[in-house]
Amino acid sequence: MHPFQCHSPQHELSRRQVLGTFAGLGAGSLLSPLVANEIKSKQKQVLLIWLDGGMSQLESWDPKPGTEFGGPFRSIPTTLPGIHVSELMPHTAQQMQHIAVVRSMCTKDENHSSGVPRILRGDPKNRGVTYPYMGAAMSHLKGKSDNELPNYIWVKPGSGGFIWQHGGFLGAKYGALALGDGKPPVHINRPPGIDDQRDQVRNEIRKRLNKSFQKGRRSAEVEAYDYSFQMAEKLIRRKDLFADFTPKELERYGSHPLGRHILQSKRLIEEGVLFVQCHSYHWDTHADNFNMHLDLVPQIDKPFAALIEDWHQSGLLDNVLVLLMSEFGRTPKINQRLGRDHWPEAWSLAMAGCGLNRGLVLGKTTPNGAWVDDQEYDIGHIFHTVFKAMDIDPSTTEYHNNGQPLPIAHDDYGPIKELLA
Amino acid sequence: MLVVQVSTILEWLNRFRLEPRPMIRTASCRFTVAMLLICATVIYGQDPLSGRIDQLIEAKVNGKVAGPASDAEFLRRSYLDLNGIVPTAAQVRSFLADKNPQKRSKLIDQLLNNDAYSRRLREAFTVMLLERRTGSTVPIGQWNSFLETSFASNKPWDKIVREIIQADASNDQTQGTLKFFTATGRTVHDQLTQDVARLFLGMNIHCAKCHDHPTVDEFKQADYFGLLAFLNQSKAAKHTAKNQTFLVEGVATGKLEFQSVFSPDEKDQVGPRLPGGKEVAVPVFEKGEELSQPAADGLPGIPKFQPRQILAKELTSASNRRFVENSVNRFWYLMMGRGLVHPLEMMHAENPASHPELLKLLAEEFVAHKFDVKWLLGVLARTRVYQRASLLPAGVVIQEITPESYRVANAKGMTPEQTAWSIMRVTGVLDEIIKKERPEDSGFNVKDYINGRIPAPDNLIDTMLLFTSIFGNPPGEAEVEFQPSMGQALFLMNEKLILDWLKPGKGRFIGRLEEMKDFQQVARELFATVLARNPSDQETNDFLQHLEKNSMRRTAAISEYAWALITSAEFKLNH
Amino acid sequence: MKHLMERQLDVTKAWPEKKFQWERQVTAIQFSPCGKFLVAAGIDAQLQRWELATDERVAIKGHAGWVGDLAFHSDQQRLYSVDYHGGLFCWDYTEAQPKQLWSKADAHQSWVRKVAVSPDGKHVATGGNDRVVKLWSATGQSTLELKGHEGYIFSLLFHPDSKSLFCGDQMGKVKQWDVSSGKLIRELDLTVLHTRLDNFLAEVGGVRSLAYDSKRDLLACGGMTNAKSNAFCPGDPLVVLMEVETGKEKMQLKSTIKADGPVNGLQFLPDGTLAGIGEGASGASLSFWSTEKPTPIHAIKMLSGYEVALHPDGWQLAVSRFETNGRSGNGRHSTPETYVSNDGLIEVYQLYEKPAPEPAK
């Protein structure tokens, strides 16, 4: 059970506290060595941009101007002939040739606190275990333990910390390193008197002590604690990751929080972090949906378009998968505060890069925008597609949790063929 | 079950070097077992209830159960749980050397009756009930005084909660209770309602404000508004002459109306009513007749109908099953690291207790013993389940054991307060920090300190502030699970204050160690002080080798080793 | 008509005499100065004109986007309306089928939220998202641009003497402009009606409604305060009474019926009473304040309301509010066939005691 609140400022804060269980946690063991090596051979990475609360598809990817539920905004043409997006996304409209949009998402959960973790864990079949978040899964399947940087970093507003719960049954060490406001934590600087060598010596003693303490004891807590130190060490060595951005960068991406956080996420990917998740909160416009989206959508439009364009030009888009989504869309029906409520029935997300087909819009909704008019896609399909794009074959790859083989994505679904080259 | 009991009792007896095993093979098996049980009772001063608790736990295990914790592990655990601080090296040595078979029971009594006990419970329940909310209307010192005095005098738990809800500022002793209502965020009645439901009834009904809870059938919108109706007339007001804040109540005019956002046309109403309880009728008075005392001194008049006072009684009544079960669940969690119902605020039919009979038993007994907190904690401390080792039994694989099986002790993370007290004690700075007076105008705040604008804290209150801000959650977020963060690791690695504490100096730990000539003794002192146990031979060798490699900088090397012990998982975890 | 002569304005006895329903939420309503019609606009591209005597409805079509607002010219012939595509339209509303006289598709660069006409008929004012208030002649010639607002224009109101214009914006400022010279006369601080906490992604609130009482030189400014988020945007409805000459706040008027949205419409009645209608996720109210005390003298609970309008005869107050159609909220809970938009409802309240029915003869 996940507690959550409505109508309160802590609504969004509490939603991010996922109550994982540490029942029966141990490291889910890996696949056969051969397969593991194959997976690690290519340098692919993922950037997941998450607009928490549910961006309205009608005010972004799937506008229906002049219809019953269409709202006041118009649509604008894009670089894809015949394809329009909301007038609120003029920059992204110019980058559509690099992007694949799926308009026919249809998922099961209309609530945030259950919906958000379900989506981010791929909503697989319920087998009584807590699945890992996409970033933790990727970290486990593709992460290099000798990487200088953590494999799974979460850039977010508010506070940071090590969120071990994202690891699910894979174990605490696959959790997310959260950077509050994208910044490094305080205390990243060593005080005088401790140089690299002394620091290494004292940490080695610490690790020896932990290793022996862990023998014969449940490992989740020790691992989580140890991992927080590992992360600390790695971060101290890479302070350069947090240098200021140039005025030009801020001008291009925007100096608002999401602009800066996308810039920070971009830098982390460019430095080799395997999986970066970038969060923005407060998209859940149950009231004043149109006034709010008027001001919100440009905040993603500008930096997202800049990112796609920059990575296309540098060639990074060939190997980095970019995913832009929310936990659901918003109701076509407008409520009494001129807001839109939650709508998992038909919503949109966008993907780009990493060998996916570009410049296409997949799936369509009915003329009034309320229902998917053709093939519905679940988040399970997306997970399959993401894994495949990352050279992980979901049909031959499994987790092993206490000897129980587990699919890495929902077994009833498969990758979306139209998206894969 | 009998097999389990016998085997575990054998292991327990083994601890005390009794060797009854050969006797089991004879026909007087049952007699032996009876003797063993009597021994257990004698040795552990076991309350029969402790035994029944163990029976209910052991009835449900599906495999081997760990034996008792070692003396050292038990000592450290009880100190942390009941006194909020690790034991000193001297206390460790004394306990380990003590040959009294009843020493564990004696220790429990000692820990329940010293000053540190009431301080520890005050800290634990302040975090649980205020959740680090601040606010200047009621000084935290007043709240602390109320709570600590209550625990010191072993005030019954129902009375403590009743006094909190009554929030009577006219009485010096209960003045501090107002903080529950005036802490930042609590003045919003919705937040207050949600927190009362979570903390005293184990119900997280946030979502039930706008509609019946979407996933928990038991939590209804009427429950939310019924509880709100008890609380929504309460507000703070200042007595002009005394210049003191009171929690007053306005005149309640009727039932609360509500409707679901999903069906705004279907209107409903409810008066003050506890979940599962009877609705309290809201009396209607003639205009002008509502008050029993007129307004005076800046305070509004006292209404004849005071719903919050009624709530204080009804909420804490022994017949309020939810309140009693939530209470024992939280005391169980405090000792065992996990609620019988977990999460603590999700007590409902679809999330049953791991041991429903046990929850019921504890609830009944708590009521029968008139909500006696010390009695309850003593009973729990004297169970085998509490005193179980954290090491797995031989041949058992980690993955098989779930926390709710209690087959091994569940490790708890040290709370921010326990971390602060313990680090101060082990580094030897505790006495000097306690003695240091806090200046009236102490401008210490964590933000300025972290950013290098003001000097390090040197007194208890400011030092605690630093630790709780680094290790605690943001205001309003419950601290239940162990959530180590990289920021906390960085603090332990790079915070100058910690490193200063590990330097040699008068009274400091490292200072004492650097004067010892016998390095083996240093090793023993290190482990006894920081980890409350003796080092193994291997550990001693490891330390000696480290000293040898650093013979030119011995003091620094000792300091490094001490740092590693303090930052080890074994230290951080209350196992 | 005995009862008409004896009736007294008494809001506490207000009763709804008529209802007009429309298939979308209606956000702007006005009575025509001739008193014959009620015209409404809402979240679609049409206006609706109801003839009060017959209840007959005629659609006024021509806009391409949501119609933000409408205002009548005192000549009892012309009607102006504005839309979210930047358009300003002028109609002759008196014909059986109202006809478009002229329109400007790009009167503004983006949404035009409000339109107002000066009582002397000389000036038309429009304002919206481009933060510039534009003045036009009655025939649509651009005359002045009033620049300086830092937020979207949410409310416009001409002074009864037609010499100045009050403009309320998203950031909680009300600027009073001289409409001949275009100079700023004064700025009133209504920032209590604006909230942007650290973790907000957008400005919440703003001065959503204005009403002016010239006798007491009081400007009533409606909106909400203490917003908690930019998602649910819950806050406390609030009306602030400002003494215009001194720029000082006279009083803050509150709602007694619980609501979490802004006060969207305000109107002073002939006897000085202030009527206001508000919005809320679970409903709100039509409230009447005497302006002598902060709480209403009368309040009628209802679903979210968007505007109030006073009939030229001074006895009737129209309110536009939300009307549920089918189930709302998260998720589907209906079939594609039954999934339809919510409605708008206009109720015309008579502001006096309902006369007892005449005994049957």
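Use the structure listed above.
So, how was this worked out
- Residues numbered from 1 in each chain as written.
- Chains lettered and ligands numbered in written order.
- Predicted model: local features only at pLDDT ≥ 70, side-chain atom pairs only at ≥ 80, totals over all residues.
- Helix = DSSP H or I, 4+ residues; strand = E, 2+ residues; numbered from the N terminus.
- Rg over C-alpha atoms; globule rule 2.2 N^0.38 Å.
- Buried ≥ 20, exposed ≤ 12 C-beta atoms within 10 Å, placed from the backbone.
- Contact = placed C-beta atoms within 7 Å.
- Axes fitted to C-alpha atoms, helices over the stretch in contact; angles between N-to-C directions.
- Left-handed = near helix turned anticlockwise from the far one by under 90°.
- Nonpolar A, V, L, I, M, F, W, Y, C, P; charged D, E, K, R; others polar.
- Pairing = 2+ DSSP bridges.

Caption draft 1: Main features of the overall build of chain B. Across its full length, chain B holds 28 helices and 8 strands. For chain B, whose C-alpha radius of gyration is 27 Å, the value lies close to the compact-globule estimate of 25 Å for 575 residues. Looking at chain B as a whole, 47% of its 575 residues are labelled buried. Expressed as a percentage of contacts within chain B between residues at least 6 apart in sequence, the contacts between residues at least 24 apart total 68%.

Caption draft 2: The packing of helix H26 (residues 537–549) of chain B against helix H27 (residues 554–566) of chain B, seen in detail. Residues and elements named next belong to chain B. In contact at an axis separation of 9 Å, H26 and H27 are set at 145° when each is read in the N-to-C sense. In this structure, H26 meets H27 at a crossing whose hand is right-handed. Where H26 approaches H27, its residues Phe-543, His-546 and Leu-547 are matched on the opposing element by Arg-554, Ala-557 and Tyr-561. Residue composition of the contact of H26 with H27, grouped by class: 4 nonpolar, 1 polar and 1 charged.

Caption draft 3: Main features of the interface of chain B and chain A. Counting residues at the interface gives 55 residues for chain B, matched by 53 residues for chain A. For the side of chain B that touches chain A, the elements supplying multiple residues, two or more each, are helix H22 (486–494), helix H23 (496–501), H26, H27 and helix H28 (569–572) of chain B. For the side of chain B that touches chain A, a count of residues per class yields 30 nonpolar, 16 polar and 9 charged.

Caption draft 4: Broad picture of the environment of Gly283(C). Positionally, Gly283(C) belongs in the loop between strand E25 (274–278) and strand E26 (284–289). On the basis of neighbour count, Gly283(C) is assigned to the buried category, with 27 C-beta atoms found within 10 Å.

Caption draft 5: Expanded view of the pairing of strand E16 (residues 173–178) of chain C. Residues and elements named next belong to chain C. Note that strand E15 (residues 164–169) and E16 share 5 bridges and pair antiparallel. In the strand pairing of E16, Cys-167 is matched with Lys-175. The antiparallel hairpin formed by E15 and E16 contains 3 residues in its connecting segment, where Gly-172 sits at a positive phi of about 85°. Examined bridge by bridge, E16 and strand E17 (residues 184–189) share 5 bridges and lie antiparallel to one another. Looking at the pairing, Gln-176 lines up with Arg-186 of E17. The turn joining E16 and E17, which pair antiparallel and follow one another in sequence, is formed by 5 residues; a positive phi near 80° is taken by Gly-182.

Caption draft 6: The arrangement of the pairing of E15(C) in detail. All names here are of chain C. Across the 6 residues that make up E15, a large majority, 5, are buried. Direction of pairing for strand E14 (residues 153–158) relative to E15: antiparallel, over a ladder of 5 bridges. Paired with Ile-153 across the strands is Asp-169, a residue of E15. Following E14, the chain reverses through 5 residues before pairing antiparallel with E15; Ser-162 in that reversal takes a positive phi of roughly 65°.

Caption draft 7: Molecular detail of the interface of chain C and chain A. Residue-level contacts link 33 residues of chain C with 34 residues of chain A. Taken together, the residues of the side of chain C that touches chain A sort by class into 16 nonpolar, 14 polar and 3 charged.

Caption draft 8: Broad picture of the sheet that holds E17(C). All names here are of chain C. An order of E14-E15-E16-E17 is seen for the 4 strands of this open sheet, with the pairing classed as antiparallel. At either margin of the open sheet sits one strand with a lone partner, and together these are E14 and E17. Sheet twist, expressed as the mean angle between neighbouring strand axes with direction ignored, is 20°.

Caption draft 9: The sheet that holds strand E24 (residues 263–268) of chain C, seen in detail. Residue and element names in this part refer to chain C. Read from one edge to the other, the open sheet built from 4 strands follows the order E24-E25-E26-E27, with strand pairing classed as antiparallel. Each end of this open sheet is capped by a strand with a single partner; those strands are E24 and strand E27 (298–302). Strand-to-strand twist of the sheet, defined as the mean angle between neighbouring strand axes without regard to direction, takes the value 15°. Bridge analysis of E26 against E27 gives 5 bridges, and the strand direction is antiparallel.

Remember, this is a structural readout, not a statement about activity or role.
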